[in-house]
Amino acid sequence: MQLHPPSRVRSPLPAWPLELGLSQALHVREERLTTRADACRLLYASDIHLRTDRSDRLCAQVLDAARASSPDAVLLGGDLADQRPELSKLSALVRKLCDLAPVMAIGGNHDRRLGMDLVRTAVEQGGGGWIHDSVARGTHGRRVIEVSGPEAVRHAETKADVRVLCAHSPRIWKTSRHAGYDLVLAGHLHGCQLVGWEYRDRLFPGALLYPYCFLSHRRGATRLVVSRGVSDLLPIRWRCPREVVLCHV
């Protein structure tokens, strides 16, 4: 498949650059890899970090963003839950998202700490698909869309029209950028939460410590998109809105 030159369309950023707590709605950032009218809309939500006393608000915000985005599929990009009692809330969130579109999920470092099998079970009990170590294929119109998890990275050997890698840590870019994907999705860094300036799509000063602290980056035909994430352990941000990313592919 030939993709048009990528362009970024961003919904308006919050008027006030400082965010304390979880009071503001999630920013929906749009990334367009194609201008075709029948583009597949993939909503990527990472770093939800469900914890006691905030899970209900976070789940409501993710659902509101999903309803406003009208996605063709929802991809949950890891660090979904931090505490075992919140896994039932994760299942309920996935169940409600499945009413809007198919849901596929992977795990992150916090999920591994909690227990990857527990998180996988919660996702599957909600009706979602677990693709951390597998590949999901579906159709959108006449096109075949393939979505791989981070432990299923392989070079393009299929006839899929669009190949997407749904990952958590953007460090995977080092190995995946040569693997024939059209789109690589990641989160994990939260944009480093405090942003002083942006240069060549990198967020600073965080990029001084983390070289993949991008918003978006491209190598050849492969595009990397890094989400700033849904929530944080320390709920304070400056010029770094909590977000989900709607990708048009």
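Residues numbered from 1 in each chain as written. Predicted model: local features only at pLDDT ≥ 70, side-chain atom pairs only at ≥ 80, totals over all residues. Heavy atoms only, no water.

Peer 1: Got a minute to help me understand the sheet that holds strand 9 (residues 143-148) in this structure?
Peer 2: The pairing of strands in a sheet happens through backbone hydrogen bonds and is either parallel or antiparallel. Taking strand neighbours across the sheet as the criterion, the 6 strands line up as 8-9-10-11-15-14 in an open arrangement whose pairing is mixed. If you trace the sheet from one side to the other, it starts and ends with strand 8 (135-140) and strand 14 (216-219), each paired once. Ignoring strand direction, the axes of neighbouring strands in this sheet form an average angle of 20°. Here strand 14 runs beside strand 15 (residues 222-226); their pairing, made up of 4 bridges, is antiparallel. Across the sheet, the residue bridging to His217 is Leu224, located in strand 15. (Pairing = 2+ DSSP bridges. Helix = DSSP H or I, 4+ residues; strand = E, 2+ residues; numbered from the N terminus. Axes fitted to C-alpha atoms, helices over the stretch in contact; angles between N-to-C directions.)

Peer 1: Any chance you could explain the nonpolar core here in plain terms?
Peer 2: Core analysis: the biggest nonpolar cluster contains 34 residues, and Ile48, Leu76, Leu80, Leu90, Leu97 and Val244 have the highest contact counts within it. Put simply, the parts of the chain that give this core at least two residues each are strand 4 (41-45), helix 1 (55-69), strand 5 (73-77), helix 2 (87-98), strand 6 (103-106), helix 4 (116-125) and strand 17 (243-248). Among the elements that make up this core, the one with the highest residue count is helix 1 (6 residues). Contact partners of Val244, with chain neighbours within four places excluded, come to Leu26, His27, Val28, Arg29, Leu43, Tyr44, Ala45, Ala65 and Val230. In this structure, Ile145, Cys166, Val225 and Val249 belong to the second largest nonpolar core, which totals 21 residues. (Core = buried A, V, L, I, M, F, W, Y, C linked by side-chain atoms within 4.5 Å. Buried < 20%, exposed > 50% of the residue type's maximum accessible area, 1.4 Å probe, protein only. Contact = heavy atoms within 4.5 Å.)

Peer 1: Sorry, what's going on with the packing of aromatic side chains here?
Peer 2: Each aromatic ring pair is summarised here by two numbers: the centre-to-centre distance and the angle between the ring planes. Throughout the structure, instances matching the rule amount to 1 aromatic pair. Ring centres of Trp197 and Phe204 lie 5.3 Å apart, and the angle between their planes is 5°; on these two criteria the pair is classed as stacked. The cationic tip of Arg163 hangs over the ring face of Tyr181; the distance from NZ or CZ to the ring centre is 4.3 Å. (Phe/Tyr/Trp six-rings, centres within 6.5 Å; stacked < 30°, edge-to-face > 60°. Lys NZ or Arg CZ within 6 Å of the ring centre and 35° of its normal.)

Peer 1: Explanation requested: the pattern of salt bridges in the structure shown.
Peer 2: Where side chains of opposite charge bring their charged atoms close, a pairing between them can arise. Applying the stated criterion across every chain yields a total of 15 salt bridges. Across the pair Asp232 and Arg237 runs a salt bridge, and its minimum N-O distance is 2.7 Å. (Salt bridge = Lys/Arg side-chain N within 4 Å of Asp/Glu carboxyl O.)

Peer 1: How should the packing of helix 1 against helix 2 be read in this particular structure?
Peer 2: When two helices pack together, their arrangement is given by the angle between the helix axes and the distance between those axes. Where helix 1 contacts helix 2, the axes come no closer than 10 Å and their chain directions differ by 15°. Here helix 1 is positioned roughly parallel relative to helix 2, judged by the angle of their axes. Once helix 1 is placed against helix 2, the crossing between them reads as right-handed. Seen from helix 1, the contacting residues are Ser55, Asp56, Cys59, Val62, Leu63 and Ala66; seen from helix 2, they are Lys89, Leu93, Lys96 and Leu97. The residue inventory of the contact of helix 1 with helix 2, partitioned by class, reads 6 nonpolar, 1 polar and 3 charged. (Parallel < 35°, antiparallel > 145°, perpendicular 65-115°, else oblique. Left-handed = near helix turned anticlockwise from the far one by under 90°. Nonpolar A, V, L, I, M, F, W, Y, C, P; charged D, E, K, R; others polar.)

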